[in-house]
Amino acid sequence: MTSERPRARRPVPKLERDTHGYWEHLRRHELVIQRCTQCRTYRHHPRPMCPECHSLDFEWARMSGRGAIYTYALVNQPLHPFWNGKTPYNVVLVELEEGVRIVSNLVDCPNDLIRIGMPVTVVWEDVSEEISLPMFRPETA
Amino acid sequence: MKARALQNKAAIAGIGCTDFSRDSGRTEYQLALEAAVAACRDAGISPHEIDCITLSSYQSETVDEAELVNGLGMKNLSYLGLVGHGGGAGCAVVGHAALAIATGMAETALCLRALNSRSEFRYGQFDKNRGEENLEAPVPWFYSFLHPYGFFTPAQWAAFWARRHMHEYGTTAEHFGAIAVAARKHAARNPAARFYRQPITMQDYLDCRMVVDPIRLFDCCLETDGACAVIVTSAERARDLAHRPAYIRAMAQGTGGPGLFPITAFNRERITGMEETARMGDFLFAMADLRREDIDVAQLYDHFGPLVLLSLEDLGFCARGEGGPFVEGGRIELGGDLPINTHGGLVAEAYIHGFNHIVEGVRQVRGTSTAQVEGAEHVLVTSADGVPTSGLILSRST
């Protein structure tokens, strides 16, 4: 092979007015979830108004970074070139200690060892200058 | 109590479909026109008599009301309606037409869905369609929380629900397989179906390709080019037309509460059932004054077989967690207590965003299905869940 093609990069989120604060905290490796400052209810994904008390006031509440696998999928088809040659890859739903669930990938763990309930902790993948993504690895004792 | 004002006021009087294929060789516009004319002929009316059009909308529609007017030539449209969320809309599209008719806003309605979901936009290939230069997640904005992790398609999202159901309730691959086997058994009798004369065994199911573990190929809906249309009119007028009316006994929509994202409502209390389907089902049966056991046959939206199992629980046909045992032993096959998707469904007949489920519901009421349930009186039809959903109960008599 002579033609040198750049390796495909991971897709990145689109930063928008209602969500950019989330991604800005992640860029600093701070795992946060949006929380209403009036009634203290978490909401994910981010949105302008609390669906419980209708307050527009919110904070980006810092999470511990620990959680457990709630469910997972093993993807056999690469639908984006970043995953070419990387299938099967996992996608996991992590239930954070604080009770909110987020979609991520589990790293440092063979797919056949993934279990629902497995304790995990956050690690960071810097995708670009602007974007860092929370990933998870099995929590070591 | 929800209003019963709609009960049996309107009926489906005509049904029409194009052929179902992998490459129609014609535009979605043409498919829509062909299905519309077929439905009018079936009802015994002229397209020029249509005064109401209701359609569904999601992301990829290419046919609108103006083009239907331009193609079909009606001059007296007085009511137009559009229901969002594609697969979730189908039953509501018919229901909104029924509401227009019941309130005197219109007399004869055309409802349809046309799509080239195999030869043009393929839902199951989501990011592949976009090319590798396109790194930024697309709108709508919530894709930004999924795409960076390689989580692109409804099949992938459905896997989360299926896995969690297996974990909480001991549901097995064979339980999911029972849904696929039933669909293929029914499709095998249906000459219009993609899998006509191609039944499968449970072993065939277990041996088929794993698309996204635990979702197998035979759990997944097809990708189809085709169109389906129905004509809705007043119950009174329907009695004077060509076929036995399929009375619209009830229609309901449902969203459930906050946290509603497309098949990704992962921050609701449970992800072993769809809140919007449970709410819609309660509204629907209350409006119909019927019990679950009054339903003779059901056409349940089957984008993914395992989600049908969830629907059976959400709709109250069995208790939470008992969907697996419920589908065992042929209960959902022709001859069982509750035959499901007697045309073969989205997994074995065609993927027309569930409009083919509505057409099959009408056939059961008329007694003309290729997998006819003897004496079917009440037929339940549902549209996609995981999005704002809807359902219909069609009945043979008032």
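Preceding this section is the structure that the text describes.
As the structure is a computational prediction, the values presented were derived from the model and not from experiment.

*Asks:* Describe the layout of surface pockets, and please don't skip the residues or the numbers.
*Replies:* Residues and elements named next belong to chain B. What the largest pocket holds in volume is close to 990 Å³. The wall of the largest pocket is formed by 48 residues, among which Gly124, Cys220, Cys221, Leu222 and Glu223 lie closest to the centre. Listing elements by their share of the lining of the largest pocket, those giving two or more residues are helix 4 (154–169), helix 5 (173–187) and strand 5 (210–213). Among the elements that make up the lining of the largest pocket, the one with the highest residue count is helix 4 (four residues). Of the residues belonging to the lining of the largest pocket, the class tally is 28 nonpolar, 12 polar and eight charged. Size it by volume and the second largest pocket reaches roughly 280 Å³. Partitioning the lining of the second largest pocket into residue classes produces four nonpolar, five polar and six charged.

*Asks:* Outline the pattern of salt bridges, listing residues and values.
*Replies:* Applying the stated criterion across every chain, the model contains 23 salt bridges over all chains. We note a salt bridge from Arg66(A) to Glu97(A), for which the minimum N-O separation is 3.1 Å. With Arg66(A) in strand 4 (residues 66–75) and Glu97(A) in the loop between strand 5 (89–96) and strand 6 (101–104), the pair connects residues that are 31 residues apart, well separated along the chain. When the shortest N-O distance is used, the salt bridge between Asp294(B) and Arg291(B) registers 3.0 Å. Within the structure, one salt-bridge network assembled from shared partners comprises Arg35(A), Arg40(A) and Glu59(A).

*Asks:* Tell me what's going on with the interface of chain A and chain B, and back it up with residues and numbers.
*Replies:* Listed as interface residues are 43 residues of chain A and, on the opposing side, 42 residues of chain B. In this assembly, chain A packs against chain B so that about 3,900 Å² is buried in total across both faces, 60% of it on carbon and sulfur atoms. One can count zero salt bridges joining chain A with chain B. Counting across the interface, chain A meets chain B through 15 residue pairs in polar contact (both at pLDDT 80 or more). Every element with two or more residues in the side of chain A that touches chain B is listed here: helix 1 (20–27), strand 4, strand 5, strand 6 and strand 8 (132–138) of chain A. In terms of residue count, the dominant contributor to the side of chain A that touches chain B is strand 4 of chain A (six residues).

Thresholds, definitions, all that
Residues numbered from 1 in each chain as written. Chains lettered and ligands numbered in written order. Predicted model: local features only at pLDDT ≥ 70, side-chain atom pairs only at ≥ 80, totals over all residues. Heavy atoms only, no water. 1 Å grid on protein atoms, 1.4 Å probe; cavity = no way out; pocket = protein on both sides within 12 Å on 5 of 7 lines; lining within 4 Å. Points joined across faces, edges and corners; volume = space filled by probe spheres on them. Helix = DSSP H or I, 4+ residues; strand = E, 2+ residues; numbered from the N terminus. Nonpolar A, V, L, I, M, F, W, Y, C, P; charged D, E, K, R; others polar. Salt bridge = Lys/Arg side-chain N within 4 Å of Asp/Glu carboxyl O. Contact = heavy atoms within 4.5 Å. Buried area = accessible area lost by both parts, 1.4 Å probe. Polar contact = N/O pair within 3.5 Å; in protein donor to acceptor, adjacent residues only side chain to side chain.

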